[in-house]
Amino acid sequence: MQSLVGILIILGCVFGGFMIHGGSFGVLWQPVELLIICGAALGAIVLGNPKHVLSEMLHQLKGVLRRHNDGQEFQRQLLLLMYELLQAAAGGLKALDAHVEAPHESVLFQRYPLILNNPKLLHFIVDNFRLMAMGKINAHELEGVLDQELEAIHDELAQPAKSLHKIAEAMPGFGILAAVLGIVMAMNHVAEGAGSGEIALMVGAAMVGTFIGIFFCYGVLDPLSNMMKQQLHEELASFESVKVVLVTHVSGKPPLLAIDAGRRLVQLNIKPSFAQLEGWIDALNGGGKDDETPRRRATDRAPGEGDRRAA
């Protein structure tokens with residue numbers, strides 16, 4: 001809805017102001033200028049980016065235009081999924097493998113469809129739970145591995161927005177290119193003895209090319225690239241949250257404290273309170289079937305602590 005409002009404001013102010021000055025939309029309809037400018041921009045995108053970047057750019061543009069307001073529900077599902085996976089990990093390697101080896105077939109994962117529908121995040125989660133299950137790794141080593149992986153993910157997913165921003169900066173140049181070609185054609189007509197009225201129309205059409213280039217730069221492509229950057233920031237916040245949960249768990253903290261550490265990295269506008277997180281986990285555990293609350297369970301012994309007490 002917000003995107004639609006922004007588009008209407010841009011179109012209303014730019015073209016409304018043009019109409020107030022007495023302009024006609026027919027003057028702005030120059031299909032040849034559009035062909036030159038948009039064709040050059042599209043060709044530059046295809047030429048300057050590999051196929052996987054183009055595919056990711058299209059995917060991110062669709063995400064920007066179809067953005068859904070389900071951020072808090074997404075975070076709820078993510079935190080509860082991580083909690084359940086940590087509980088399963090405490091039950092041993094076989095219990096965890098039953099879920100991470102085939103997440104789409106896992107009853108546990110099927111309870112969280114928003115995560116299943118996010119293949120990048122899903123892949124990150126199951127890969128790193130496999131890493132934890134494969135052998136002993138301390139919190140410092142795991143954090144180093146995850147930081148490197150997140151840096152690589154960020155670099156790859158940020159490339160479409162960077163490429164689109166570069167094309168946005170080039171659009172005024174493409175507009176000037178179309179305008180120069182229009183002026184060249186107008187000069188040819190002058191040489192052929194065309195009238196002043198015809199020449200004026202051709203020069204006006206050429207100037208429309210400059211307008212189109214500037215408009216697409218600052219009114220279309222630059223805002224789209226900025227929205228893609230913000231969307232990527234929101235997406236990577238979920239990856240960071242998963243990283244912190246895993247590192248905190250490996251350091252020996254109980255599941256609830258590990259999940260709360262991940263909660264703290266959620267964006268402020270959708271971050272649940274600790275009381276909300278506690279309520280979600282309490283409902284997941286059966287709505288208080290026993291006398292222990294999640295806060296009480298958070299103080300339970302960390303993995304291996306019981307053995308030390310017995311000793």
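Preceding this section is the structure that the text describes.
The following paragraphs examine the structure supplied in this document. (Residues numbered from 1 in each chain as written. Predicted model: local features only at pLDDT ≥ 70, side-chain atom pairs only at ≥ 80, totals over all residues. Heavy atoms only, no water.)

### Some details on the pattern of salt bridges
Then step 1. Under the criterion given, the structure shown has 9 salt bridges.
Then step 2. Lys243 is paired through a salt bridge with Glu240; the nearest N and O atoms lie 3.5 Å apart. Of the two residues, Lys243 and Glu240 are both situated in helix H11 (residues 196–250); the distance of 3 residues between them amounts to about one turn of the helix.
Then step 3. On the basis of relative accessibility, which here comes to 29%, the residue Glu240 falls in the partly exposed class.
Then step 4. Residues Asp260 and Arg264 are paired through a salt bridge, measuring 2.9 Å at the closest nitrogen-oxygen approach.
Then step 5. According to the relative accessible area criterion, Arg264 is exposed, its value standing at 53%.
Then step 6. One network of salt bridges, in which partners are shared, links Glu101, Asp127 and Arg130. (Salt bridge = Lys/Arg side-chain N within 4 Å of Asp/Glu carboxyl O. Helix = DSSP H or I, 4+ residues; strand = E, 2+ residues; numbered from the N terminus. Buried < 20%, exposed > 50% of the residue type's maximum accessible area, 1.4 Å probe, protein only.)

### Some points on the nonpolar core
Then step 1. The biggest cluster of nonpolar side chains holds 43 residues, and the ones touching the most others in it are Met82, Ile125 and Phe129.
Then step 2. The residues touching Met82, leaving out its near neighbours within four places in the chain, are Ile125, Phe129, Val242, Val245, Leu246 and Ile259.
Then step 3. Counting 21 residues, the second largest nonpolar core, distinct from the first, contains Ile167, Ala178, Cys217 and Leu224. (Core = buried A, V, L, I, M, F, W, Y, C linked by side-chain atoms within 4.5 Å. Contact = heavy atoms within 4.5 Å.)

### A few points about the layout of surface pockets
Then step 1. By volume, the second largest pocket is sized at about 630 Å³.
Then step 2. Around the second largest pocket, the lining comprises 20 residues; the ones closest to its centre are Gln2, Ser3, Leu4, Ile7 and Met227.
Then step 3. Those elements that provide at least two residues to the lining of the second largest pocket are helix H1 (2–20), helix H4 (51–65) and H11.
Then step 4. By residue class, the composition of the lining of the second largest pocket is 12 nonpolar, 6 polar and 2 charged. (1 Å grid on protein atoms, 1.4 Å probe; cavity = no way out; pocket = protein on both sides within 12 Å on 5 of 7 lines; lining within 4 Å. Points joined across faces, edges and corners; volume = space filled by probe spheres on them. Nonpolar A, V, L, I, M, F, W, Y, C, P; charged D, E, K, R; others polar.)

### Regarding a nonpolar patch on the surface
Then step 1. Nonpolar side chains collect at one region of the surface, where Ile176, Val180 and Val184 lie side by side and expose about 250 Å² of accessible area between them.
Then step 2. Among the secondary structure elements, Val180 is positioned in helix H10 (residues 139–191).
Then step 3. Using a relative accessible area of 45% as the deciding quantity, one classes Val180 as partly exposed. (Patch = residues over 30% accessible without salt bridge, like charges linked within 9 Å, V, L, I, M, F, W, Y side chains within 5 Å. Areas by Shrake-Rupley, 256 points an atom, 1.4 Å probe, with all protein chains shown as cover.)

### A look at the packing of aromatic side chains
Then step 1. What the rule picks out here adds up to 6 aromatic pairs.
Then step 2. Aromatic pair Phe15 and Phe25: ring centres 6.0 Å apart, planes at 45 degrees, arrangement tilted. Of the two residues, Phe15 is situated in helix H1 and Phe25 in helix H2 (residues 25–28); the sequence distance between them amounts to 10 residues.
Then step 3. For Phe25, a relative accessible area of 45% gives the class partly exposed.
Then step 4. Relative to Phe215, the ring of Phe15 lies with its centre 5.5 Å away and its plane at 65 degrees, an arrangement referred to as edge-to-face. With Phe15 in helix H1 and Phe215 in helix H11, the pair connects residues that are 200 residues apart, well separated along the chain. Neither Phe15 nor Phe215 differs from the other in exposure class; each is buried.
Then step 5. Among the aromatic residues, those joined into a ring-pair cluster are Phe15, Phe25, Phe211, Phe215 and Phe216. (Phe/Tyr/Trp six-rings, centres within 6.5 Å; stacked < 30°, edge-to-face > 60°.)

### A word on the packing of helix H12 (residues 255–263) against helix H13 (residues 274–284)
Then step 1. Following both chains from N to C, one finds H12 and H13 inclined at 135 degrees, their axes separated by 11 Å at the closest point. Comparing the axis directions of H12 and H13 gives the class oblique. As for how H12 packs across H13, the hand of that crossing is right-handed. In this structure, H12 uses Leu256, Ile259, Asp260 and Arg263 to contact H13, whose residues at the interface are Phe274, Leu277 and Ile281.
Then step 2. Class assignment of the residues belonging to the contact of H12 with H13 gives a composition of 5 nonpolar, no polar and 2 charged. (Axes fitted to C-alpha atoms, helices over the stretch in contact; angles between N-to-C directions. Parallel < 35°, antiparallel > 145°, perpendicular 65-115°, else oblique. Left-handed = near helix turned anticlockwise from the far one by under 90°.)

Such coordinate-based values are descriptive only and should not be taken to indicate function.
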